[in-house]
Amino acid sequence: MFSSYIESILIFNGIHIIMALSLYLPFSAGQISLAQAGFMAIGAYASSVMTLFWGFPFYIALFLSGLLSAMTGVLVGFPAIRIKGIYLLLLTLAFGEMVRVFFLNFEFTGGASGMGGMDLQTNFVNVYTIVAILIIFFYRLSKSRMGRAFESMREDELAAEVMGINIVKAKLLAFGVGAFIAGLGGGLYAHYVMYIDSPKFGFLLAVEFFVFVVFGGMEIFWGPIIGTTLLTLIPEVVRFLKEWRMIFYGLVIVVLMIVRPQGLIDKKLVDDITRYAKKLF
Amino acid sequence: MDFLSIENLSKSFDGVTALRQVGLEVKSGKIHALIGPNGAGKTTLFNILSGILKPTQGRIRFKGQQIDALRPDRITSLGIGRTFQNIRLFKSLTVLENVMVGRHCRTRTGLARTFFSLPFKKLEEEINIRDMANELLRFVSLFDKKESKAASLPYGSQRRLEIARALAAEPLLLLLDEPTAGMDTRETEDLAALITKIRDQGVTILLIEHDMHLVMGISDVVTVLNFGRKIAEGHPREIQSSPEVIEAYLGAQE
Ligand SMILES: Nc1ncnc2c1ncn2[C@@H]1O[C@H](COP(=O)(O)OP(=O)(O)OP(=O)(O)O)[C@@H](O)[C@H]1O
Ligand SMILES: [Mg+2]
């Protein structure tokens, strides 16, 4: 369909979108997370163990590793219930690092030498099918009871609780489902690169996902999708940027904070585009 | 069975005692006003009633059930709704969405239902939520503003939106914390009519208010707090002529 170079960029872009959406979900409920790279690692390792050691079919392994990641997400969510802002950031960061160090020392999955030999299972079609399913999910969520509950918690957690929302349940749900999505991302990643080792899932990766979401905008799910795509493609087009990616991201964020603090895409922009599109057809 | 009964309620923040052994009975179907000078402990009482703060001492029963140890969302589902003195709307949500959020605890649709429902067919519950929210917006005269962001409304409208949001949970008891603060005379009159209308629909109202004209005009009972203590209670006329109350207000003004 595409040249293999372009195809690989698009596949990575799809995986990045999945990761950014996994972060966006707790974000939409006011929960900041730097744990997403950790959940991704859990998905990557768990799915590889299942396909490689236990001979599970890929899609079953993918789903189960998503569930495992979700369960971990709920466990992380518990201490996160009463913690806010910068402390939550630190807690989730510490969790991500714990996961990394765990896999570095876990001999069963190869320890420091990593894990390889998985089959190539991930392709353009299955990655973007999952992206499409997620778009449907987030679109429906944005117009639903739970979606509004999440947003109200982001706006004013105390008022949301007084309006009758069980914020403990809602936070665990947001964290758990976010971790599920990140687990899927990890499984797809592992069965594309076919070799994983724990340093890949470090702090910088978590920050990268974070930047995608902040850049794209946190008001609506199109933000992380567009943000990720731009920030994944630009360094590919402008070759030399690759080495300087983090610095480039830093600059982008600074400029954006000045020009458009709500992120590239906000609800108003999406509404305007929808209205314009409706007029055209 | 008593509707709402507060017994021997005390609350201290380290150093400051905001409430001292307050007892209060609210009767169903009434407008019960709670007045007192700044810092008297009125808002603190609301915060305890709605579960945001836990009392240092004392007991609260609502329709026979002890509620002083419950979470805010549980208290709301039992039927106590409120507004805030310092308006706390969901600013970037639309006016309509704010009211729809208020319906949360009376509805059920979870993530799975949302995701696995048929395409191009709105869930029945979602339609009901929207219909009720629209109706409430008409009730507080904000229907034509329903697509605006809550933050863009003028002050007085924001206060009415908070009332609509609280009503969406169908409370039996509605706590209003200075609902006319920042309103002009006409808006205040309209609000008095609105409060009476809400009471006539069977919702009991506990009202914190500084506008004495309004309080004396619409309340069935008035309770006066001063320095965290209940100093008087009775019919508005009795309260107006009570030397202790006059003293408390004059004392506070000096
Ligand atoms: N969360 C808190 N922490 C510490 N002190 C508090 C807290 N909430 C209230 N207070 C103190 O308790 C006292 C009563 O405050 P409260 O807000 O209940 O008064 P109020 O009667 O509502 O006054 P106003 O008419 O000004 O709204 C005040 O001295 C206030 O400073
Ligand atoms: Mg007050």
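Since the structure is predicted, the reported quantities are computational estimates derived from the model, not experimental observations.

J.: I tried to follow the interface of chain A and chain B on my own but got confused; where do I start?
T.: The accessible area lost on association of the parts is a frequent measure of interface size. Taken residue by residue, the interface counts 29 residues in chain A and 34 residues in chain B. Regarding the contact of chain A and chain B, the summed buried area is about 2900 Å², with carbon and sulfur atoms giving 62% of it. Run the count over chain A and chain B and you get two salt bridges. Residue R148 of chain A is joined to E126 of chain B by a salt bridge in which the shortest nitrogen-to-oxygen separation is 2.8 Å. Our count for the chain A to chain B interface comes out at 12 residue pairs in polar contact (both at pLDDT 80 or more). The set of elements that each furnish at least two residues to the side of chain A that touches chain B consists of α5 (124–142), α6 (145–155), α7 (157–162) and α8 (167–193) of chain A. Broken down by element, the side of chain A that touches chain B gets its largest block of residues, eight residues, from α6 of chain A. In terms of residue class, the side of chain A that touches chain B is made up of 14 nonpolar, four polar and 11 charged.

J.: Is there a simple way to explain the coordination of the magnesium ion (ligand 2) in this structure?
T.: Four donors placed tetrahedrally around a metal ideally meet at 109.5 degrees, and six donors placed octahedrally ideally meet at 90 or 180 degrees. All names here are of chain B. Every protein donor of the magnesium ion (ligand 2) is listed here as T43 (OG1) and Q85 (OE1), and their distances to the metal cover 1.9 to 2.1 Å. Taken together, the residues T43 in helix α1 (residues 42–49) and Q85 in the loop between β6 (80–82) and α3 (95–102) connect sequence positions 42 residues apart. Taking the relative accessible area as the measure of exposure, T43 reaches 24% and is therefore partly exposed. The class for Q85 is partly exposed, based on a relative accessible area of 30%.

J.: Could you clarify how one ought to interpret the domain arrangement of chain B in this entry?
T.: All names here are of chain B. The domain architecture assigned to chain B consists of domain 1 (1–79 + 171–254) and domain 2 (89–169). The C-alpha-based centres of domain 1 and domain 2 are spaced at 27 Å. Counting residues at the interface gives 19 residues for domain 1, matched by 12 residues for domain 2. Between domain 1 and domain 2, a total of about 1200 Å² is buried, with carbon and sulfur atoms accounting for 72% of that surface. Along the contact surface separating domain 1 from domain 2 lie zero salt bridges. Here domain 1 is connected to domain 2 by two residue pairs in polar contact (both at pLDDT 80 or more). Partitioned by chemical class, the residues of the side of domain 1 that touches domain 2 number nine nonpolar, six polar and four charged.

J.: Mind showing me how you'd approach the site of ligand 1 here?
T.: Residues and elements named next belong to chain B. Lining the immediate surroundings of ligand 1 are 13 residues, of which G39, K42, T43, T44 and Q85 lie closest. Backbone polar atom of A40 to an oxygen atom of ligand 1: 3.1 Å apart, as the coordinates give it. H210 is positioned with one of its side-chain polar atoms (N or O) 3.1 Å from an oxygen atom of ligand 1. Its free accessible area being 630 Å², ligand 1 has 64% of it covered by the protein chains. Within the residue set of the shell around ligand 1, elements represented by two or more residues are β2 (16–26) and α1. With three residues, the single largest contributor to the shell around ligand 1 is α1. Broken down by class, the residue content of the shell around ligand 1 amounts to four nonpolar, seven polar and two charged.

J.: Would you explain the pairing of strand β1 (residues 4–13) of chain B in this entry?
T.: Residue and element names in this part refer to chain B. Sheet topology places β1 next to β2; seven bridges connect them, and they run antiparallel. Within β2, the residue paired with L9 across the bridge is V22. Where β1 folds back on β2, the antiparallel hairpin that results is connected by two residues, among which G15 adopts a positive phi of roughly 100°.

J.: What is the right way to read helix α7 (residues 185–200) of chain B from this model?
T.: Three or four residues apart is the spacing at which side chains of an α-helix point the same way, because the helix has 3.6 residues per turn. Residues and elements named next belong to chain B. Between the first and last C-alpha of α7 there are 23 Å, a value that for 16 residues agrees with the 22 Å anticipated at 1.5 Å per step. Burial in α7 covers these residues: T188, L191, A192, L194, I195, I198 and R199. Looking down the long axis of α7, one finds its buried residues gathered within 165° of arc, a one-sided arrangement. Exposed and facing more than 90 degrees away from the buried side of α7 are R186, E189 and D200. Contact partners of the buried residues in α7: β3 (31–35), α5 (124–139), α6 (155–167), β7 (173–177), β8 (204–208) and α8 (212–218). For α7, the N-terminal cap is D184; the gap from its side-chain oxygen to the backbone nitrogen of R186 is 3.2 Å. Phi for G202, located one or two positions after α7, is positive at around 100°.

What counts and how
Residues numbered from 1 in each chain as written. Chains lettered and ligands numbered in written order. Predicted model: local features only at pLDDT ≥ 70, side-chain atom pairs only at ≥ 80, totals over all residues. Heavy atoms only, no water. Contact = heavy atoms within 4.5 Å. Buried area = accessible area lost by both parts, 1.4 Å probe. Salt bridge = Lys/Arg side-chain N within 4 Å of Asp/Glu carboxyl O. Polar contact = N/O pair within 3.5 Å; in protein donor to acceptor, adjacent residues only side chain to side chain. Helix = DSSP H or I, 4+ residues; strand = E, 2+ residues; numbered from the N terminus. Nonpolar A, V, L, I, M, F, W, Y, C, P; charged D, E, K, R; others polar. Donors = N, O, S within 2.8 Å, 3.2 Å for Na, K, Ca; no water. Buried < 20%, exposed > 50% of the residue type's maximum accessible area, 1.4 Å probe, protein only. Domains from an automatic or database assignment. Near = heavy atom within 4 Å. Areas by Shrake-Rupley, 256 points an atom, 1.4 Å probe, with all protein chains shown as cover. Pairing = 2+ DSSP bridges. Expected span 1.5 Å × (residues − 1). Arc of directions from axis to C-beta.

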